[in-house]
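Each chain, letter by letter, is given below.
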Amino acid sequence: MRSIVVSALILIAATVTNGQTVIKKTEGGQTVVTTTTGGQTMEKKTEGGRTMIRIEGGAFIPELGCVLGDEGKQVKVLHAMPGANRPKAYAGIDVQANDLILMVNAKTLKTAAAFKTLYESLAPGDTITLGIKRGEAMHLASFLKADPKDMPRDRKIVIKKNN
């Protein structure tokens, strides 16, 4: 199903496929894309060359600029910041949108909430090793958890949990 409405310089497009709803709204120089899958919502707002992401019901990896969400009983990378935009120490970590995160530090992962709990239990400087599935290929990606005070502050990230 797809519908488009044009009114007073506002363009709204809605698409529903495979249980996922994507709504794109453009007004002036601002574009907002809202994606809803299951109980999770990710909103990506672009204005003046800057992008802000808000997610409800998921998790975030600040070092990699990755937004994680649940897809069935797996954790999916919904958005990944390009390596060139990450802090230098994390630029070469191979994580992309649509990757599945199957494990973290040798622990099986089934939900973004489980990732968030495990991530928050780690101290700055601890090694994080992700077991990643991309298509049929699998690989590991390892990096050190950053100290929040050392991370760039030029981002606005809002993560809300349902409840």
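Before reading further, recall that the structure is shown in the block above.
Residues numbered from 1 in each chain as written. Predicted model: local features only at pLDDT ≥ 70, side-chain atom pairs only at ≥ 80, totals over all residues. Heavy atoms only, no water.

**Looking at the pattern of salt bridges**
What the rule picks out here adds up to four salt bridges. For the salt bridge of Asp99 with Arg134, the shortest nitrogen-to-oxygen distance reads 2.7 Å. Remark: Arg134 occurs in strand S12 (residues 127-134) and Asp99 occurs in the loop between strand S9 (74-80) and strand S10 (100-104); sequence separation between them is 35 residues. The class for Asp99 is buried, based on a relative accessible area of 1%. When the shortest N-O distance is used, the salt bridge between Asp147 and Lys149 registers 3.6 Å. Residue Asp147 is classed as partly exposed on the basis of its relative accessible area of 26%. Using a relative accessible area of 57% as the deciding quantity, one classes Lys149 as exposed. Three or more residues are tied together by salt bridges with common partners; here these are Asp94, Asp99 and Arg134. (Salt bridge = Lys/Arg side-chain N within 4 Å of Asp/Glu carboxyl O. Helix = DSSP H or I, 4+ residues; strand = E, 2+ residues; numbered from the N terminus. Buried < 20%, exposed > 50% of the residue type's maximum accessible area, 1.4 Å probe, protein only.)

**Here's the deal with the nonpolar core**
Of all hydrophobic cores here, the largest spans 26 residues; its most connected members are Leu64, Leu68, Val95, Ile101, Phe115 and Leu130. Of all elements in the fold, only strand S7 (59-61), strand S8 (66-71), S9, S10, helix H1 (112-121), S12 and strand S13 (137-144) reach the threshold of two or more residues within this core. Per-element accounting of this core gives the leading share, four residues, to H1. Look past the residues within four positions of Val95 in its chain and what remains in contact with it is Leu64, Cys66, Val77, Ala80, Arg86, Leu130, Ile132, Arg134 and Ala141. (Core = buried A, V, L, I, M, F, W, Y, C linked by side-chain atoms within 4.5 Å. Contact = heavy atoms within 4.5 Å.)

**Examining the pairing of S10**
For S9 and S10, the ladder comprises two bridges, and the chain directions are antiparallel. Looking at S10, one finds that Val75 is bridged to Ile101. Pairing geometry for S10 and S12, over four bridges, is antiparallel. In the sheet register, Met103 faces S12, and the bridge partner there is Gly131. The turn linking S10 back onto strand S11 (residues 107-108) is made up of two residues, and Asn105 within it adopts a positive phi angle of 50°. (Pairing = 2+ DSSP bridges.)

The analysis is restricted to geometry; functional conclusions fall outside its scope.
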